[in-house]
Amino acid sequence: SADLARFRQLKQQQGDFTPSPVVTSDDTSDVSEIIDSLVECPKESGCSTIWQRARIYALRHATTSERISNDNLIVTAPPKTDHDIAITLSRIKGSALGGEAVFLDVQCRDSVLGQQFCNSESVLSIRRGFRRAVLAANR
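Computed from a predicted structure; not experimentally measured.

Trainee: Whenever I open this one, the pairing of strand S4 (residues 86-92) confuses me. Can you help?
Mentor: A regular strand places its side chains on the two faces of the sheet in alternate fashion. With respect to burial, S4 is a largely interior element, six of its seven residues being buried. With three bridges connecting them, strand S3 (residues 73-76) and S4 associate as antiparallel partners. From the neighbouring strand, Val-75 faces S4, where its bridge partner is Thr-88. With seven bridges joining them, S4 and strand S5 (residues 101-107) adopt antiparallel strand pairing. Considered in S5, the bridge of Arg-91 is made with Val-102.

Trainee: Help me out: how do you make sense of the nonpolar core in this one?
Mentor: Generally speaking, a soluble globular protein has its nonpolar side chains buried in company with each other. Core analysis: the biggest nonpolar cluster contains 24 residues, and Leu-89, Val-102, Leu-104 and Phe-130 have the highest contact counts within it. Mapped onto this core, the elements with two or more residues apiece are helix H3 (48-61), S4, S5, helix H4 (112-118) and helix H5 (121-135). Those residues in contact with Phe-130 that lie beyond four places of it in its chain are Asp-36, Ser-37, Leu-38, Val-39, Ala-54, Tyr-57, Leu-89, Val-102 and Leu-104.

Trainee: Hey, could you run me through the packing of H3 against H5 in this one?
Mentor: The relative placement of two packed helices comes down to the angle between their axes together with the axis-to-axis distance. Two elements in contact, H3 and H5, have axes whose closest approach is 9 Å; the angle formed by their N-to-C orientations is 150°. By the angle class used here, H3 and H5 are roughly antiparallel. Here H3 and H5 pass one another in a crossing that is right-handed. Between H3, through Ile-50, Arg-53, Ala-54, Tyr-57 and His-61, and H5, the contact on the second element is made entirely by Ser-125, Ile-126, Gly-129, Phe-130, Ala-133, Val-134 and Leu-135. Looking at the contact of H3 with H5 residue by residue, the classes come out as eight nonpolar, three polar and one charged.

About the thresholds
- Going along each chain's sequence as written, the residues are numbered from 1 onward.
- Two thresholds apply to this predicted model, a pLDDT of at least 70 for residue-level local features and 80 or more for giving and counting side-chain atom pairs, whereas whole-chain, interface and lining totals are computed over all residues.
- Heavy atoms throughout the structure, all of them, feed into the side-chain values; hydrogens and water do not.
- When a residue's accessible area, from a 1.4 Å probe over protein chains only, is under 20% of the maximum for its type it is buried; when over 50% it is exposed; and in between it is partly exposed.
- Strands here mean DSSP runs of E at least two residues long; helices mean DSSP runs of H or I at least four residues long; both are numbered from the N terminus.
- Each pair of strands is called paired provided DSSP finds at least two bridges between the two strands.
- To form a nonpolar core, buried Ala, Val, Leu, Ile, Met, Phe, Trp, Tyr and Cys residues must be joined to one another through side-chain atoms within 4.5 Å.
- Only heavy atoms matter for contacts: two residues are in contact if any of them lie within 4.5 Å across the pair.
- Note on geometry: axes are lines fitted to C-alpha atoms, helical ones only across the stretch in contact, with angles between N-to-C directions running from 0 to 180 degrees.
- Should an angle fall under 35 degrees it is called roughly parallel, over 145 degrees roughly antiparallel, and 65 to 115 degrees roughly perpendicular, with every other angle called oblique.
- Two helices crossing with the near one rotated counterclockwise from the far one by less than a right angle form a left-handed crossing, whereas a clockwise rotation gives a right-handed crossing.
- Residues are grouped as follows: Ala, Val, Leu, Ile, Met, Phe, Trp, Tyr, Cys and Pro are nonpolar; Asp, Glu, Lys and Arg are charged; every other residue, Gly included, is polar.

By themselves, these are just geometric observations and shouldn't be taken as functional.
Below, the structure written as structure tokens:
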């Protein structure tokens, strides 16, 4: 929870972002089940495959261009219009879950219409579909 709060604080310093709602839990063992956009990597196989699938998923759904891209972080440009989707994807090593995890954060423009768009079914489905997309071949 503390890492997520700090991450969002840093993101807000980059531009006009609308933060996603923060979910907290005293029991971190079930955090990945609460947050659709957080995927715990299997300890036995690591995070490489999940990271690659997550990267493809994130870039397919972002409507803004990549600003930062490396082995642990992908950040797209801040949303400029009310229908832009900016995405941050992070690979968290040594997470509270006990191993590695991949987290997707979706941001919309900080405006009334941007907020409405962020709460629309099309944007919510991006968050909800993340886990299914990156774990699909593991099932």
